[in-house]
Amino acid sequence: MNSKKSGVVLLGVVLVASVVALLTRGLSASSNESAPAASAARPPTSSGVMVGTPSGVPPASEPTPAVEQLPMPGCWDGLRELDKATSLDALRAALGVAVGHRDNLLATYLQERLTELVGQDAGRALQVIEWAKQASPPELGLYLEAVKAAPAVHDAKVSAALLGMGEDKSLPTQNRSAALDALETQRRLSPGDLARLKAVALDETADSTAWVATRTMGRVMKEDFERTGTHAPYWKELLSIAGTSDDMAVRLLALEMPSYSDPLIGPESFDELEHILTTDRERDVREMAAFRLGVTREPEQALKIYEAAFDKEHDVCVRWAIFRFAVRAAGEGALPMLARLAAKDPRFQRDYTEFQQLYASGTVDFARIWLGKGEHHACLVEEGAPH
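A quick note: this is a predicted structure, and the numbers were derived from the prediction, not measured.

Some words on the overall build of the protein
Within the protein one finds 19 helices and 0 strands. The 387 residues of the protein split such that 43% are buried. Residue pairs at least 24 apart in sequence account for 67% of intrachain contacts in the protein once pairs closer than 6 positions are excluded. Total accessible area on the protein stands at roughly 19,800 Å², and carbon and sulfur atoms take up 54% of it.

Written out as structure tokens, the structure is:
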């Protein structure tokens, strides 16, 4: 490092370190200065004596009306100079000082400044990613959140570096996960990128990184779908993950991710969804498969899958998921099938009657149908609760 660069780094450290110390002192001073005003604003007691004055001694003048006084925020002395002469190394050093002093406000500010400094410069973004490979929380999150928010994250070299970091088995899981999380602001993923993310999602040794890879795939699908209407390449890989992953949380998430954009599911997905709905060992996953099948452009085919799956299913909660999401798929057209299902399992006779009455009243929209429907099976639990 040349002497000029070293001087900037030293300046950043000294300035921020001195101001962090002054911040506490400044806040204390603000509190002390407000104390007399608070005393002067104390209301009189019922006897007319000011609270806090010697008993029996009347106040010298009328009590001053209470006025709300907000403490002034502390000021980071030297931060302006750091902003003027900033560099990546200076901000890195300043972030280290802020983290060391547990000054979250300053750390957040410096993270935003790092995002600004990276901007559209792919070289700077790559440098921050290199720091992140060796970092641990909270610095790890500060570095990669800064890159995630910078325009440079859309540069092909930067996104490739983040994906490569997420794949790197020599790195700690938290570093790999943070890198893939930073990828979720991408506007689209190429077929090659999707294949690589899928490989991470199916890696039994990846632990939580597999879950993050699945979520990133789904979130980029939402972005691409909202911009261009494209969802099929993402959904194809997510459905494959849902049918093959050994991790229940990953399978469940893969089926859930389309819910944030709700693309219509076509017949090309039906075979795999039917397989998951009828064979997955986890109740939650079978319920989610029933849910996913409910948003389709081929409701009649979906009803056939629902009815066949109902006959094979013995868990009342999965049967209830099949029953209600058949209504979501086909609306009033599902009622004849619901009558047959209720005849097979009398626990659903009341549900069939209520659905029939709601449609007879003229209600059509499923959201309103659901709001008017009673809950009789104790299957709807808060996320994470045991069932």
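What to know about the side chain of asparagine 175
The topology assignment puts asparagine 175 in helix α8 (residues 173-182). The residues touching asparagine 175, leaving out its near neighbours within four places in the chain, are Ala132, Lys133, Gln134, Ala135, Leu140 and Met165.

Concerning the environment of glutamine 301
Note on placement: glutamine 301 falls in helix α15 (residues 299-312). For glutamine 301, a relative accessible area of 36% translates into the label partly exposed. Measuring from C-alpha to C-alpha, the distance between glutamine 301 and alanine 330 comes to 9.9 Å, with 29 residues separating the pair along the chain. Apart from residues lying up to four places away in sequence, glutamine 301 is in contact with Pro267 and Phe270.

Description of the packing of helix α7 (residues 156-167) against α8
Across the interface, α7 lies against α8 with an axial gap of 7 Å and an inter-helix angle of 150 degrees. It follows from the interaxial angle that α7 and α8 lie roughly antiparallel. Considering how the two elements wind past one another, α7 and α8 form a crossing that is left-handed. From α7, Leu162, Leu163, Met165, Gly166 and Glu167 reach across to α8, where they touch Asn175, Arg176, Ala179, Leu180 and Ala182. Considered class by class, the residues forming the contact of α7 with α8 number 6 nonpolar, 2 polar and 2 charged.

Focus on unusual backbone geometry
The phi angle of most residues is negative, glycine excepted, and most peptide bonds adopt the trans form. Of note, the amide linkage connecting proline 137 to proline 138 takes the cis form, showing an omega dihedral of 5 degrees. Residues other than glycine seldom take positive phi values, yet arginine 102 does so here, at roughly 55 degrees. Following the sequence through the fold, arginine 102 ends up in the loop between α3 (88-100) and α4 (104-118). For arginine 102, a relative accessible area of 74% puts it in the exposed group. Phi is positive for aspartate 207, which is not a glycine, with a value near 55 degrees. Relative to the assigned elements, aspartate 207 resides in the loop between α9 (191-201) and α10 (208-228).

Thoughts on the confidence of the model for the protein
This prediction gives the protein a mean pLDDT of 84; 78% of its residues lie at or above 70. Segment residues 1-58 is flagged for pLDDT under 50; beyond a separation of four residues in sequence, or across chains, it makes 62 contacts in the model. Note on residues 382-387: pLDDT under 50 across the span, and 3 contacts to partners over four residues away in sequence or across chains.

Examining the nonpolar core
Counting 105 residues, the largest nonpolar core has Leu110, Leu114, Leu144, Leu162, Leu255, Tyr306 and Leu338 as its most contacted members. Ranked by residues supplied to this core, first place goes to helix α16 (residues 316-330) with 10 residues. Apart from the residues within four sequence positions on either side, leucine 255 is in contact with Trp235, Leu239, Ala242, Leu273, Ile276, Val285, Met288, Ala289 and Arg292.

Description of α9
For α9, the complete set of buried residues consists of Leu194, Leu197, Val200 and Ala201. Buried residues of α9, viewed axially, fall in a sector of 120 degrees; they line one side. Buried residues along α9 sit in contact with α7, α8, α10, α11 (232-244) and α12 (248-256).

A look at the pattern of salt bridges
Think of it this way: side chains of opposite charge can pair up when their charged atoms draw near. Enumeration according to the criterion identifies 30 salt bridges in this entry. With a closest N to O distance of 2.8 Å, arginine 113 and glutamate 116 form a salt bridge. One end of the pair is arginine 113 and the other is glutamate 116, both in helix α4 and 3 residues apart, which spans about a single turn. The buried category is assigned to arginine 113, whose relative accessible area is 14%.

Concerning the packing of aromatic side chains
Centre distance and the angle of the planes are the two values used to describe a pair of aromatic rings. Applying the stated criterion to the full structure yields 10 aromatic pairs. Of the aromatic side chains, those joined through ring pairs into one cluster are Phe310, Trp320, Phe323, Phe348, Phe355, Phe366 and Trp370. Here the guanidinium or amino end of arginine 319 rests over the ring plane of phenylalanine 310, the centre of that ring lying 4.2 Å away. Over the face of the ring belonging to phenylalanine 355 we find lysine 373, whose NZ or CZ atom lies 5.5 Å from the ring centre.

Details of α11
Under the 1.5 Å per step criterion, the end-to-end length of α11 is 18 Å for 13 residues, consistent within 8% with the ideal 18 Å. Within α11, burial applies to Tyr234, Trp235, Glu237, Leu238, Leu239, Ser240, Ile241 and Ala242. The elements touched by buried residues of α11 are α9, α10, α12, α13 (270-279) and α14 (283-293).

What counts, and where the lines are drawn
- Residues numbered from 1 in each chain as written.
- Predicted model: local features only at pLDDT ≥ 70, side-chain atom pairs only at ≥ 80, totals over all residues.
- Heavy atoms only, no water.
- Helix = DSSP H or I, 4+ residues; strand = E, 2+ residues; numbered from the N terminus.
- Buried < 20%, exposed > 50% of the residue type's maximum accessible area, 1.4 Å probe, protein only.
- Contact = heavy atoms within 4.5 Å.
- Areas by Shrake-Rupley, 256 points an atom, 1.4 Å probe, with all protein chains shown as cover.
- Axes fitted to C-alpha atoms, helices over the stretch in contact; angles between N-to-C directions.
- Parallel < 35°, antiparallel > 145°, perpendicular 65-115°, else oblique.
- Left-handed = near helix turned anticlockwise from the far one by under 90°.
- Nonpolar A, V, L, I, M, F, W, Y, C, P; charged D, E, K, R; others polar.
- pLDDT = per-residue confidence, 0-100.
- Core = buried A, V, L, I, M, F, W, Y, C linked by side-chain atoms within 4.5 Å.
- Arc of directions from axis to C-beta.
- Salt bridge = Lys/Arg side-chain N within 4 Å of Asp/Glu carboxyl O.
- Phe/Tyr/Trp six-rings, centres within 6.5 Å; stacked < 30°, edge-to-face > 60°.
- Lys NZ or Arg CZ within 6 Å of the ring centre and 35° of its normal.
- Expected span 1.5 Å × (residues − 1).

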